[in-house]
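So you can see what is in the structure, the chains are spelled out below.
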Protein chains: 4
Amino acid sequence: MIKAGIIGSTGYAGQELVRLLLGHKEVEIAWYGSRTYEDQKFASVFGNFTKLVEDVCQADDLEKLASEVDVIFTATPQGYLAGVLNEFILKNAKVIDLSADYRIKDVATYEKWYGIEHKSPELIKEAVYGLCEINREDIKKARLIANPGCYPTCSTLSIAPLAVRGWIDMSTLIIDAKSGTSGAGRGAKVQNLYCEVNENIKAYAVSTHRHTPEIEEQLSYLSGEVVPLNFTPHLVPMNRGILVTAYATVKGKHSAEELKQAYYDDYKEEYFVRVLDGTTPPETRWVEGSNFTDINIQYDSRTNRVIMMGAMDNITKGAAGQAVQNMNLLFGFDEKEGLQLVPMVP
Amino acid sequence: MIKAGIIGSTGYAGQELVRLLLGHKEVEIAWYGSRTYEDQKFASVFGNFTKLVEDVCQADDLEKLASEVDVIFTATPQGYLAGVLNEFILKNAKVIDLSADYRIKDVATYEKWYGIEHKSPELIKEAVYGLCEINREDIKKARLIANPGCYPTCSTLSIAPLAVRGWIDMSTLIIDAKSGTSGAGRGAKVQNLYCEVNENIKAYAVSTHRHTPEIEEQLSYLSGEVVPLNFTPHLVPMNRGILVTAYATVKGKHSAEELKQAYYDDYKEEYFVRVLDGTTPPETRWVEGSNFTDINIQYDSRTNRVIMMGAMDNITKGAAGQAVQNMNLLFGFDEKEGLQLVPMVP
Amino acid sequence: MIKAGIIGSTGYAGQELVRLLLGHKEVEIAWYGSRTYEDQKFASVFGNFTKLVEDVCQADDLEKLASEVDVIFTATPQGYLAGVLNEFILKNAKVIDLSADYRIKDVATYEKWYGIEHKSPELIKEAVYGLCEINREDIKKARLIANPGCYPTCSTLSIAPLAVRGWIDMSTLIIDAKSGTSGAGRGAKVQNLYCEVNENIKAYAVSTHRHTPEIEEQLSYLSGEVVPLNFTPHLVPMNRGILVTAYATVKGKHSAEELKQAYYDDYKEEYFVRVLDGTTPPETRWVEGSNFTDINIQYDSRTNRVIMMGAMDNITKGAAGQAVQNMNLLFGFDEKEGLQLVPMVP
Amino acid sequence: MIKAGIIGSTGYAGQELVRLLLGHKEVEIAWYGSRTYEDQKFASVFGNFTKLVEDVCQADDLEKLASEVDVIFTATPQGYLAGVLNEFILKNAKVIDLSADYRIKDVATYEKWYGIEHKSPELIKEAVYGLCEINREDIKKARLIANPGCYPTCSTLSIAPLAVRGWIDMSTLIIDAKSGTSGAGRGAKVQNLYCEVNENIKAYAVSTHRHTPEIEEQLSYLSGEVVPLNFTPHLVPMNRGILVTAYATVKGKHSAEELKQAYYDDYKEEYFVRVLDGTTPPETRWVEGSNFTDINIQYDSRTNRVIMMGAMDNITKGAAGQAVQNMNLLFGFDEKEGLQLVPMVP
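Conventions we followed
Residues numbered from 1 in each chain as written. Chains lettered and ligands numbered in written order. Predicted model: local features only at pLDDT ≥ 70, side-chain atom pairs only at ≥ 80, totals over all residues. Heavy atoms only, no water. Helix = DSSP H or I, 4+ residues; strand = E, 2+ residues; numbered from the N terminus. Rg over C-alpha atoms; globule rule 2.2 N^0.38 Å. Buried < 20%, exposed > 50% of the residue type's maximum accessible area, 1.4 Å probe, protein only. Areas by Shrake-Rupley, 256 points an atom, 1.4 Å probe, with all protein chains shown as cover. Contact = heavy atoms within 4.5 Å. Buried area = accessible area lost by both parts, 1.4 Å probe. Salt bridge = Lys/Arg side-chain N within 4 Å of Asp/Glu carboxyl O. Polar contact = N/O pair within 3.5 Å; in protein donor to acceptor, adjacent residues only side chain to side chain. Nonpolar A, V, L, I, M, F, W, Y, C, P; charged D, E, K, R; others polar. Core = buried A, V, L, I, M, F, W, Y, C linked by side-chain atoms within 4.5 Å. Axes fitted to C-alpha atoms, helices over the stretch in contact; angles between N-to-C directions. Parallel < 35°, antiparallel > 145°, perpendicular 65-115°, else oblique. Least-squares fit on C-alpha atoms with pLDDT ≥ 70 in both. Phe/Tyr/Trp six-rings, centres within 6.5 Å; stacked < 30°, edge-to-face > 60°. Pairing = 2+ DSSP bridges.

Observations regarding the overall build of chain A
Logical step 1: Counting secondary structure elements, chain A contains 12 helices and 13 strands.
Logical step 2: A compact globule built from 346 residues would reach a C-alpha radius of gyration of about 20 Å, and chain A, at 20 Å, matches this within 12%.
Logical step 3: For chain A, the spread of C-alpha atoms along the three principal axes comes to 60 × 45 × 40 Å.
Logical step 4: In chain A, buried positions account for 66% of the 346 residues.
Logical step 5: Of the accessible surface of chain A, which amounts to about 10,900 Å², a share of 48% is contributed by carbon and sulfur atoms.

Below, the structure is given as structure tokens:
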């Protein structure tokens, strides 16, 4: 039984971590961090935990926390962890960071897209990008995990098999993504009010979304090419879920079956990736509340393009679920422990 | 390890049973019954079960099923089970009926409100009304469980402590209820289309809803009085959840604290009932996907009325969850087995 | 052609006033007041007005405004208008106040329920409660209109015919109301975020909602009795719409037909009230975007209660639409001018 | 004052026609056609029309109708009109067809994508494609209007200025579209039930959607090139609205400003097209209930692609609104008559 601390436990990803860890056999939550709700009962903020969690929220003191727990999850604003993380903390606890601070290897790229100075660039190299299906072995040996962004997780998993094989022209890659509103966080902003989001769809951060360089970097590792791409996220009136629809031109001659087989082959051992049969399109509802990513592709012979589609729960596999999966790898637990969640419909 | 069969597994309650039983340590699902989707893969109907369920849907053959399994769940249209149930089946398997066929003790009342002739009235007496918190001991000894309706479960639990004590004037009782749309079932009806339900609220079946006599019967057992009441359900644009707001005049002198204490006392040992503190109103989101019922009351001294509020997931505690809870009681499993679900937010 | 100024034009009710007045033949909007968005283009805040409104938002200067326009609409926080209104303003312009400042005749009641000191109690007496169907003649002669609250409008219209006739026992009256989320305003509050409201229903302000004394006062005028009642509002995941479900015991002998006829009789000349035939329940979607209130009642002989139901668009008839209707009465325009809006479905 | 008949008046587009025509000064609706609801009051099907429409639904008899009215709107299933239209009808009334029967000039293409034999191919040539902003002059002289599909209208308007100028490489064009659920029609299908659509997003008809050849044909007229493109529609949990996000590589050297100026230039006289300033993305809520199409583009210098975005109400400009606009052109009315609808927010 290990002990875990959560910094930022009262955001949507933070409280999802609580939901998942309460069902995990090997972990006990020892610290519910929240600046906003310090000294208030955690269950008074998230009523779903009534009678399940009696703890009170605590301020964030990372060094103290590192002495008391085995793993620290940080679901915090960009720049926070980079400003406080140090060798003492890393020596005493594993750190799984749900923010973007250690995801991008090139500091200049990070600073340009995030508009923040990085305060601990010396730690970036050590951090392992925690996309479990791709970097499993490196994760097992890490001290610091950069838990991937939601869009990058879904995009990378949806595109990887063809990128790795060099079967698509990476310079033609376009990712059109759609996300539920929990991805926008729990901050009190007019633009995220019910009446502003409901009965509406819009693109946002067109050509400027911060997940763009993260996706490009991961795909460049897989394809061996520099990949400038178009990434357009859209806000959808629903709570949870991300859908990626990606387009690329097929390089060389590859039948629809051959393209599909690449997915079956690469993911046949992956519990959390479900390659759908036939022309069944992924739907976010089929993965809601679970750690699954559902993927299917369709080859269009008229245009010689392949449409790659992935559906995922942005808070689970896109944040807290993958963080737990990373923890399982770090501590040698069964990778599925605490994550065998059946998606909930309707 | 026991075996379970589900008749009507492709309705909303049926597939929720599958979700719950997949996480239950003592049960294996041996029969996915569905007339509509016979011979089709269950997971092709409900994509959430992709890679989790490989079975194919089968027609309903209750006698055959009874020989093969230990427990049969029927999530079927009104009148179906009453037409086919017999002694052979009951001798070979426990039956938990999610329809209304055996809920109402008086056949005439059933036939009047449901407009159906009851085909096996001789079995009604034997059936135990499976509201676990109320009839726990009788359930343990039963062969046939009448799994309660969603509105009756939420209403009865919200009102019981004051009804039992005779502290409210039962003749003043009014129940105004609100339900998510999954309660309307999965039939292809224009009135349940997305564009007919979304951005709308309405009352329906005013003064004529079939759950009315069921609630009246249960409350009459608790209060010792015949209770004609007003029950008005409303359709809410959301998937899951039932909220009951009940009103009654307080009899005699009882402080707000005394009224509330009745709830704390009656439910202090009940895992699945959460009495909320202070003036926190129950919200359906805090119980979504779980077997909890959240309850709070408020005494209004200006009118000498008490407002009793309960929130529940209509598909879980209101149908499949309670059915599993009944199964646990029938077979001597831990009552919470398979049901320690943390509600999912948002 | 008269000129109108709107203070608080960037709230939901304020911008609805703009929508309605743009379609009004006799009015020109001369002042788009907004403290929050001062100096910004109105259409940059509400993109629906792109190319339709070129004006820039201005701060609130009521005296200046009164010199320049014929009518002032105030869609402002409680207490604002009471703090600045004076004889100069009232001499120069008609004032239609969408806040609650002048709705309640008894200052002590206002101050108790709103928790605010009333700064101009001397003007309360002069103000006319602008429920057009009830106070039409008084409105025509007024200088200051207290535009009714959304819940009070829908409640009063739904109950009035029976209250006026003394056919219901007012001491048994219970109002269970449901509102879309626009009623909560456009302030940046966590509780009104999309992910906090969506897939949820809850009661709020149980026994303490500020519209309670307003409803009680209006019903006491109609019935000639002091009416302490229970009013319980609920928050529904939809943008617009209010549904009232009210319950009362019938006094004396009145058939269902007789009760219903009272509604037909009282509203036969009222364009904006639609009494529905048969048992058709009012639905908020059928009135969305319009100034209609749809009403139906049902008598339950089992309990001798009548269930009175009303559906209304909370922003239109519940706020801006009724304000325009009041303006039409004040200036002698056709009462329907600018308000012959066909409800928009779906 | 002309007379109009509507065949298919009880679908979503049909009843929107009613909403729009009720506010049109020059038209009277003489025929509410509906097979499903024949002999029932139209307002009993769509309660929004209570007290506004007293008519009863009638069966479809196109020849009789043609003798009685000046214009016939057909909002009917694919293939219906092609099967019954004849010279007699066209001589007696203008016909505006909201189905796809006469939109595609090549019969083989129509029959391949729709899987229906075309019964009156001789009339296809005469039909004018009713995209008003593009074909205004031809429309004025027509007898038979093929009212464009929702996706094609929004796509074509969003792409036209660059397609006409040859500034984008048409072979790189990808259209990723998102639609509210009313686009799926009012048929009683499980897949369109509230609980199947809510809290979900999915692509559908990937590479096979019937609007694909219609878009390709229109863009080929504008660009002078054959344009095989990818079109992927998605189903969004909202009632109304279409959003198009289109991607293409820029040909030659064109600055972001130059690209944008093309839109300002082409649409400066078009009332119903609003080119948004700066980087403001189109949102479906800003056009809801109106005949507007909001458009903006963004040039991404990193990839040399332009992202073209358009938002439209699928039932209004995407169906009934454009049909009325076509009628206005056909009869010489002001093109905006009946269509100066301010979008309704929230």
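With respect to the interface of chain A and chain D
Logical step 1: Facing the 46 residues of chain A at the interface are 46 residues of chain D.
Logical step 2: Each partner contributes to the roughly 4,000 Å² buried at the junction of chain A and chain D, and carbon and sulfur atoms together form 50% of this total.
Logical step 3: On the chain A side of the interface with chain D, the three residues burying the most area are E199, I201 and R302 of chain A, jointly 17% of the side's total.
Logical step 4: Linking chain A with chain D are six salt bridges, by the criterion used here.
Logical step 5: Between R302 of chain A and E216 of chain D there is a salt bridge, and its shortest N-O distance comes to 2.5 Å.
Logical step 6: For the interface between chain A and chain D, the tally reads 34 residue pairs in polar contact (both at pLDDT 80 or more).
Logical step 7: Elements that contribute at least two residues to the side of chain A that touches chain D include exactly β7 (174-179), α9 (194-197), β8 (202-203), α10 (211-223), β9 (230-235), β10 (242-249), β12 (293-300) and β13 (305-312) of chain A.
Logical step 8: With four residues, the top contributor of residues to the side of chain A that touches chain D is β7 of chain A.
Logical step 9: Across the side of chain A that touches chain D, the residue classes break down as 20 nonpolar, 13 polar and 13 charged.

Description of the nonpolar core
Logical step 1: Within the largest apolar cluster, 100 residues are counted, with the highest numbers of intra-cluster contacts made by F73 and M327 of chain B together with F73 and M327 of chain D.
Logical step 2: Excluding its chain neighbours within four sequence positions, the residues that come into contact with F73 of chain B are A4, G5, I6, I7, L17, L21, I96, L98, A323, V324 and M327 of chain B.
Logical step 3: Of all hydrophobic cores here, the second largest spans 98 residues; its members include A43, L98, A142 and L235 of chain C.

Digging into the packing of helix α8 (residues 150-165) of chain D against helix α11 (residues 256-267) of chain D
Residue and element names in this part refer to chain D.
Logical step 1: Look at α8 against α11: their axes get within 9 Å of each other, and the N-to-C directions meet at 110°. On the basis of the axis angle, α8 is roughly perpendicular to α11. When α8 is examined against α11, the residues T156, L157, S158, I159, A160, P161, L162 and R165 are found in contact with a partner set consisting of L259, A262, Y263, D265, D266 and Y267.
Logical step 2: Residues of the contact of α8 with α11, tallied by class, amount to nine nonpolar, two polar and three charged.

Focus: the pattern of salt bridges
Residue and element names in this part refer to chain A.
Logical step 1: Scanning all chains against the criterion turns up 100 salt bridges over all chains.
Logical step 2: When the shortest N-O distance is used, the salt bridge between D266 and R165 registers 2.8 Å. Placement of the pair is D266 in helix α11 (residues 256-267) and R165 in helix α8 (residues 150-165), with a sequence separation of 101 residues.
Logical step 3: Look at R165 and you get partly exposed, because its relative accessible area is 28%.

Remarks on the environment of L329 of chain A
Residue and element names in this part refer to chain A.
Logical step 1: Mapping L329 onto the fold places it in helix α12 (residues 316-331).
Logical step 2: Residues L329 and P228, 101 residues apart in the sequence, show an inter-C-alpha distance of 32 Å.
Logical step 3: Contact partners of L329, with chain neighbours within four places excluded, come to C132, R136, I139, K140 and E335.

So, the relation of the copies chain A and chain D
Logical step 1: With an RMSD of 0.0 Å, the fit of chain A onto chain D corresponds to turning through 180° and sliding 0.0 Å along the axis. Such a turn and shift between the copies fits a two-fold axis. In terms of C-alpha distance to the rotation axis, chain A has P237 of chain A as its closest residue, with the C-alpha 3.3 Å off the axis.
Logical step 2: Taken as a fraction of all interface residues of chain A, those also at the interface in chain D reach 100%, which identifies the copy contact as same-surface.

Structural notes on the interface of chain C and chain A
Logical step 1: Contacts between the two partners involve 19 residues from chain C and, on the opposite side, 19 residues from chain A.
Logical step 2: Summed over both sides, the interface between chain C and chain A buries roughly 1,700 Å², with carbon and sulfur atoms accounting for 59% of that surface.
Logical step 3: Three residues stand out in chain C for area buried against chain A, namely L193, Y194 and C195 of chain C, and they jointly supply 39% of the buried area on that side.
Logical step 4: Remark: the boundary between chain C and chain A carries two salt bridges.
Logical step 5: R186 of chain C is the partner of E196 of chain A in a salt bridge, and the nearest nitrogen-oxygen pair spans 3.1 Å.
Logical step 6: Viewed at the interface, chain A and chain C are joined by 12 residue pairs in polar contact (both at pLDDT 80 or more).
Logical step 7: Here the side of chain C that touches chain A gets four residues from one element, more than from any other, and that element is helix α9 (residues 194-197) of chain C.

Some words on the relation of the copies chain C and chain A
Logical step 1: For these two chains of identical sequence, chain C goes onto chain A by a turn of 180° and a shift of 0.0 Å along the axis, with RMSD 0.0 Å.
Logical step 2: The share of interface residues of chain C whose copies in chain A are also at the interface is 100%, consistent with both copies meeting through the same surface.

Considering the packing of aromatic side chains
By convention here, two paired aromatic rings are described through the distance between centres and the angle between planes.
Logical step 1: This model, assessed by the stated rule, comprises 46 aromatic pairs over all chains.
Logical step 2: With a centroid separation of 6.2 Å and an interplanar angle of 40°, the aromatic rings of F42 of chain A and F46 of chain A are classed as tilted. There is no split in this pair, since F42 of chain A and F46 of chain A are both buried.
Logical step 3: Look at Y263 of chain C and Y267 of chain C: their rings are 6.4 Å apart centre to centre, the planes differ by 50°, and that puts the pair in the tilted class. Highlighted residues: Y263 of chain C and Y267 of chain C, both in helix α11 (residues 256-267), separated by four residues, approximately one helical turn. Just as Y263 of chain C is buried, Y267 of chain C falls in that class too.
Logical step 4: Pairwise contacts between aromatic rings join Y32, F42, F46 and F49 of chain A together with W286 of chain B into one cluster.

Some details on the pairing of strand β7 (residues 174-179) of chain C
Residue and element names in this part refer to chain C.
Logical step 1: Among the six residues in β7, six count as buried, and that is most of the element.
Logical step 2: Two strands pair when backbone bridges link them, and β7 and strand β9 (residues 230-235) are joined in this way by six bridges, in the parallel orientation. Of the residues in β9, the one forming a bridge with D176 is T232.
Logical step 3: The pairing of β7 with strand β10 (residues 242-249) spans six bridges and is antiparallel. Within β10, the residue paired with D176 across the bridge is T245.

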